[in-house]
Amino acid sequence: MTTSLPKKIWIYFLLISTSFLVFFPVMYAFLISFMTGPELLQGKFLPQSFSLDNYIKVFDRLPLLNYLLNSFIVSVSVMLGQLAVCSLAAYAFVFIHFKGRDFIFFLFISTMMIPWEATMIPNKFTIQKLDWLNTYQGLTLPFFALAFGTFLLRQHFKTIPKELHEASQIAGLSKFAFFRRVILPVSKTSLVTLGAYGFLTTWNMYLWPLLITTNKSVRTVQIGLKQLQSQETGTEWGVVMAGVIVVIIPTLLLLFLGQKQLQKGLSQGALK
Amino acid sequence: MTSLEKPGIWKKTANGRTALLYLLPSILLFSVFVFYPMFRTIYLSFFLTDQNGDAAIWVGFENYSYLLESTAFINSMKATGLFVLYTVPIGIVLALFFALLANEKLKGIGFFRTVYSSTMGISVAASSVIWLFMFNPSMGMFNRLLSLLNLPQIQWLLDPQWALLSVSISTIWMNIGFSFLILLGGLQNIDEHLYESSRIDGAGYFYRLRRITLPMLSPTLFFIITISLINAFQSFGQIDILTQGGPSASTNLIVYSIYREAFINYQFGTASAQAVTLFIIILVVTILQFKLGERRVHYQ
């Protein structure tokens, strides 16, 4: 496949200019994060020096390390929980024939029609009654079951040859052993996709942690950002941006590493 | 006889019982955190509630008729509608444009793909804080740019005329990464051979785009339109950080309105009625999408 040179130049021009625009806010935040108050007021675009003062300050002002750790624990827990719960359900839908399968499948689909913002009021009271406010389980458990994740894995499980199932039965493998020792290993790519997706969405979650955390014990980093932004006024924006950069680095790294995988996996889940 | 039949039934239902074991975690969690609260929300929407969110006085449909007459709620619905209209079409067209560019097989294309998808890795809270600064009246980039061009300054987030638009611009940016990633995936699933035969026929780029790419991409487009619509109705974080629903309630989108009504004003009855409205809107959008989609979408 050959592309003519003028066309190539034209495409590169579009690629460079639009990706600059898309990435601009992040670059801007990065540059601001090194600026002092006076520099900001002068309206400089480049900082005088790349000193880490703002980064040191932000860790002083906010228990940021604590929040980062909380976000990490919560995201990893939801990721693992989703992988376990969704893969078990997907296995049942693909490899076990049972009465009422269609009905239960329909129930799963119907959960996708219910926006969870519409159910947040009773959910908050459930967590409150369980005495789970400000706990990790309150932040994570409601998100373990995920219809989208179940479908994603179901799509992949369906491509596994039926012969493998029959062979395992002849070999005398129990259902659970077949699931754990055969299905999970051959589905690694889908599991990684779902895992990355679960981690990313949980790390970025905002409304639920806002409702469930009332003190800093398990508060996540996203709520920390809101706190930081409302604390800092005037010319301390450099410190705020340092906080922003610290918060987005883990997910940006994850995205850069897994972009290809995520794109393939998610678009496969989108199509039946 | 019965004692002989029993093992038969026991054995017949063996598969069902095993399946149940595998499905139990999901079913349990869905029951507690999706189905129960949905019914509970509908139930509460017919009551006046006390501080603890328990039903106190039955009022029938009064919460709903109150909402329909309240200018605040009608404004909130209008703002939500406009917000969806501003963000979804432009967001998808931009993402599609970037995906088409990034689908060209050129050197270094991987770098551009990463950049376009990057906003997916940036949380709503972080993005909102960045945009809050860019919109800052005195120090922000936008007003600095305007003053460089000798144009009048704009109170981006403080002017009721501009606030919703400003929030929409930042939201479009936040959502581009995800839409781009899905659309690029869709483009890459299109069979190369389709293009090869058309190239022999001498068809131009835009002809191929209209006749091959877009029809073949339609299932993905349909998926991303549905998801984007639903996401737009559920927006919350950017409102909480950028405007808190203001100025003069011009950005009081529905989820933010529910949040305020429930957790700031403690009016759980009317908040539940709003939540039910949100549920119905999303249900209708999904059903409409599928009805229209079935006719329009070209499946391979």
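Residues numbered from 1 in each chain as written. Chains lettered and ligands numbered in written order. Predicted model: local features only at pLDDT ≥ 70, side-chain atom pairs only at ≥ 80, totals over all residues. Heavy atoms only, no water.

**Description of the overall build of chain A**
For step 1, the next point in the chain: The helix and strand tally for chain A stands at 14 helices and 0 strands.
For step 2, the next point in the chain: Starting at the N terminus, the α and β elements of chain A follow one another as α-α-α-α-α-α-α-α-α-α-α-α-α-α.
For step 3, the next point in the chain: The C-alpha radius of gyration computed for chain A amounts to 24 Å, which surpasses the reference 19 Å derived for 272 residues by more than 25%, pointing to a less compact arrangement than a globule.
For step 4, the next point in the chain: Principal axes of the C-alpha set define a box for chain A whose edges measure 75 × 65 × 35 Å.
For step 5, the next point in the chain: Within chain A, the fraction of its 272 residues that count as buried is 55%.
For step 6, the next point in the chain: If you take every contact in chain A between residues at least 6 apart in sequence, the share linking residues at least 24 apart comes to 74%.
For step 7, the next point in the chain: Just so you have it, chain A exposes about 12,500 Å², and 67% of that area is on carbon and sulfur atoms.
For step 8, the next point in the chain: Each charge sign in chain A was given a centre, from 22 positive and 10 negative side chains, and these centres are 11 Å apart. (Helix = DSSP H or I, 4+ residues; strand = E, 2+ residues; numbered from the N terminus. Rg over C-alpha atoms; globule rule 2.2 N^0.38 Å. Buried < 20%, exposed > 50% of the residue type's maximum accessible area, 1.4 Å probe, protein only. Contact = heavy atoms within 4.5 Å. Areas by Shrake-Rupley, 256 points an atom, 1.4 Å probe, with all protein chains shown as cover. Lys, Arg positive; Asp, Glu negative; His and termini not counted. Charge placed at Lys NZ, Arg CZ, Asp CG, Glu CD.)

**Quick notes on the overall build of chain B**
For step 1, the next point in the chain: Looking only at helices and strands, one finds 13 helices and 2 strands in chain B.
For step 2, the next point in the chain: Computed over its C-alpha atoms, the radius of gyration of chain B comes to 25 Å, more than 25% above the 19 Å expected for a compact globule of 300 residues.
For step 3, the next point in the chain: In terms of principal-axis extent, the alpha carbons of chain B reach across some 85 × 55 × 30 Å.
For step 4, the next point in the chain: The contacts of chain B with a sequence gap of at least 6 include a subset with a gap of at least 24, amounting to 62%.
For step 5, the next point in the chain: Entry remark: accessible area of chain B is about 14,500 Å², with carbon and sulfur atoms responsible for 66%.

**Structural notes on the pattern of salt bridges**
For step 1, the next point in the chain: On inspection of all chains with the given rule, the structure shows 5 salt bridges over all chains.
For step 2, the next point in the chain: The partner of Glu236(A) in a salt bridge is Arg61(A), with the nearest N and O atoms 3.4 Å apart. In this pair, Glu236(A) sits in the loop between helix H13 (221-231) and helix H14 (237-270) while Arg61(A) sits in helix H3 (residues 53-61), placing the two residues 175 residues apart along the sequence.
For step 3, the next point in the chain: Through salt bridges with shared partners, one network takes in Lys129(A), Arg40(B) and Asp54(B). (Salt bridge = Lys/Arg side-chain N within 4 Å of Asp/Glu carboxyl O.)

**Re the layout of surface pockets**
For step 1, the next point in the chain: Within this model, the second largest pocket holds a volume of roughly 570 Å³.
For step 2, the next point in the chain: If you go around the second largest pocket, you meet 26 residues; those closest to its centre are Leu21(A), Phe24(A), Pro25(A), Met141(B) and Phe142(B).
For step 3, the next point in the chain: Of all the secondary-structure elements, those providing two or more residues to the lining of the second largest pocket are helix H1 (5-32) of chain A together with helix H4 (71-102), helix H6 (124-134), helix H7 (141-148) and helix H8 (163-188) of chain B.
For step 4, the next point in the chain: No other element matches H1(A), which puts 8 residues into the lining of the second largest pocket. (1 Å grid on protein atoms, 1.4 Å probe; cavity = no way out; pocket = protein on both sides within 12 Å on 5 of 7 lines; lining within 4 Å. Points joined across faces, edges and corners; volume = space filled by probe spheres on them.)

**Description of the domain arrangement of chain B**
All names here are of chain B.
For step 1, the next point in the chain: On domain assignment, one finds that chain B holds domain 1 (2-44) and domain 2 (64-296).
For step 2, the next point in the chain: If you average the C-alpha positions of domain 1 and of domain 2, the two centres end up 38 Å apart.
For step 3, the next point in the chain: Listed as interface residues are 4 residues of domain 1 and, on the opposing side, 5 residues of domain 2.
For step 4, the next point in the chain: Summed over both partners, the interface of domain 1 with domain 2 buries about 390 Å², with 80% contributed by carbon and sulfur atoms.
For step 5, the next point in the chain: Contact with domain 2 buries area across many residues of domain 1, yet Met38, Thr41 and Leu44 alone supply 83% of it, more than any other trio.
For step 6, the next point in the chain: Linking domain 1 with domain 2 are 0 residue pairs in polar contact (both at pLDDT 80 or more), by the criterion used here. (Domains from an automatic or database assignment. Buried area = accessible area lost by both parts, 1.4 Å probe. Polar contact = N/O pair within 3.5 Å; in protein donor to acceptor, adjacent residues only side chain to side chain.)

**What to know about the interface of chain B and chain A**
For step 1, the next point in the chain: The interface of chain B with chain A comprises 91 residues on the first partner and 88 residues on the second.
For step 2, the next point in the chain: For the pairing of chain B and chain A, the buried interface totals around 8,100 Å² over both sides, and the portion due to carbon and sulfur atoms is 77%.
For step 3, the next point in the chain: If you sort the residues of chain B by the area they bury against chain A, Tyr22(B), Phe33(B) and Phe133(B) come out on top, with a joint share of 10%.
For step 4, the next point in the chain: Linking chain B with chain A are 2 salt bridges, by the criterion used here.
For step 5, the next point in the chain: The interface formed by chain B and chain A contains 15 residue pairs in polar contact (both at pLDDT 80 or more).

**Let's talk about the environment of Leu101(B)**
For step 1, the next point in the chain: On the secondary structure map, Leu101(B) appears in helix H4.
For step 2, the next point in the chain: Sequence separation of Leu101(B) and Thr87(B) is 14 residues, and the distance between their C-alpha atoms is 21 Å.

**Observations regarding the packing of helix H5 (residues 101-111) of chain A against helix H8 (residues 147-158) of chain A**
All names here are of chain A.
For step 1, the next point in the chain: It is at 8 Å that the axes of H5 and H8 come closest, and there the two elements cross at 125 degrees. It follows that H5 is oblique to H8 by the angle criterion. Between H5 and H8, the contacting residues are Phe105, Phe108, Ile109 and Thr111 on the first element and Ala147, Thr150, Phe151 and Arg154 on the second.
For step 2, the next point in the chain: Of the residues assigned to the contact of H5 with H8, the class counts are 5 nonpolar, 2 polar and 1 charged. (Axes fitted to C-alpha atoms, helices over the stretch in contact; angles between N-to-C directions. Parallel < 35°, antiparallel > 145°, perpendicular 65-115°, else oblique. Nonpolar A, V, L, I, M, F, W, Y, C, P; charged D, E, K, R; others polar.)

**Here we look at the confidence of the model for chain A**
For step 1, the next point in the chain: Confidence in the prediction of chain A, expressed as mean pLDDT, is 89, and 96% of residues score 70 or more.
For step 2, the next point in the chain: Across chain A, the element-wise mean pLDDT spans from 82 in helix H2 (residues 37-42) of chain A up to 96 in helix H7 (residues 136-140) of chain A. (pLDDT = per-residue confidence, 0-100.)

**Details of helix H5 (residues 109-117) of chain B**
For step 1, the next point in the chain: Among the 9 residues in H5(B), 7 count as buried, and that is most of the element.
For step 2, the next point in the chain: Ile109(B), Phe112(B), Arg113(B), Thr114(B), Val115(B), Tyr116(B) and Ser117(B) are the residues of H5(B) that are buried.

**Some thoughts on the packing of aromatic side chains**
For step 1, the next point in the chain: What the rule picks out here adds up to 51 aromatic pairs over all chains.
For step 2, the next point in the chain: With centroids separated by 5.3 Å and ring planes inclined at 50 degrees, the aromatic side chains of Phe142(B) and Trp156(B) adopt a geometry described as tilted. Of this pair, Phe142(B) sits in helix H7 while Trp156(B) sits in the loop between H7 and H8, and the two are 14 residues apart along the sequence.
For step 3, the next point in the chain: On the basis of relative accessible area, Trp156(B) is assigned to the buried category, the value being 10%.
For step 4, the next point in the chain: These aromatic residues form a ring-pair network of at least three members: Phe125(A), Tyr206(A), Phe236(B), Tyr256(B), Tyr259(B), Phe263(B), Tyr266(B) and Phe268(B). (Phe/Tyr/Trp six-rings, centres within 6.5 Å; stacked < 30°, edge-to-face > 60°.)

**A short note on a nonpolar patch on the surface**
For step 1, the next point in the chain: A cluster of nonpolar side chains, namely Leu145(B), Leu148(B), Leu149(B) and Leu151(B), defines an oily patch on the protein surface of about 430 Å² accessible area.
For step 2, the next point in the chain: Along the chain, Leu148(B) turns up in helix H7. (Patch = residues over 30% accessible without salt bridge, like charges linked within 9 Å, V, L, I, M, F, W, Y side chains within 5 Å.)

**Digging into the nonpolar core**
The nonpolar side chains of a soluble globular protein tend to be buried, and buried together.
For step 1, the next point in the chain: Grouped together as the largest cluster of nonpolar side chains are 179 residues, with contacts concentrated most on Tyr91(A), Ile121(A), Phe157(A), Trp237(A), Tyr116(B) and Tyr259(B).
For step 2, the next point in the chain: Looking at this core element by element, the count peaks at 16 residues for helix H4 (residues 64-95) of chain A.
For step 3, the next point in the chain: For this core, the two domains that each supply at least three residues are domain 1 (2-44) and domain 2 (64-296) of chain B.
For step 4, the next point in the chain: Each residue touching Tyr259(B), except ones within four places of it in the same chain, is listed here: Met120(A), Leu207(A), Leu210(A), Leu211(A), Phe236(B) and Ile264(B).
For step 5, the next point in the chain: Listed in part, the 7 residues of the second largest apolar core include Phe46(B), Tyr64(B), Phe73(B) and Val276(B). (Core = buried A, V, L, I, M, F, W, Y, C linked by side-chain atoms within 4.5 Å.)

**Regarding unusual backbone geometry**
Most of the time, phi is negative for any residue but glycine, and the peptide bond is trans.
For step 1, the next point in the chain: With omega at -15 degrees, the peptide bond leading from Gly246(B) into Pro247(B) counts as cis.
For step 2, the next point in the chain: Looking at the element boundaries, Pro247(B) is found in the loop between helix H11 (237-242) and helix H12 (254-263).
For step 3, the next point in the chain: A positive phi angle, near 65 degrees, is found at Asp131(A), a position not held by glycine.
For step 4, the next point in the chain: With respect to the helices and strands, the residue Asp131(A) is situated in the loop between helix H6 (120-129) and H7.
For step 5, the next point in the chain: For Asn134(A), which is not glycine, the phi torsion reads 60 degrees and is therefore positive.
For step 6, the next point in the chain: Looking at the secondary structure, you find Asn134(A) in the loop between H6 and H7.

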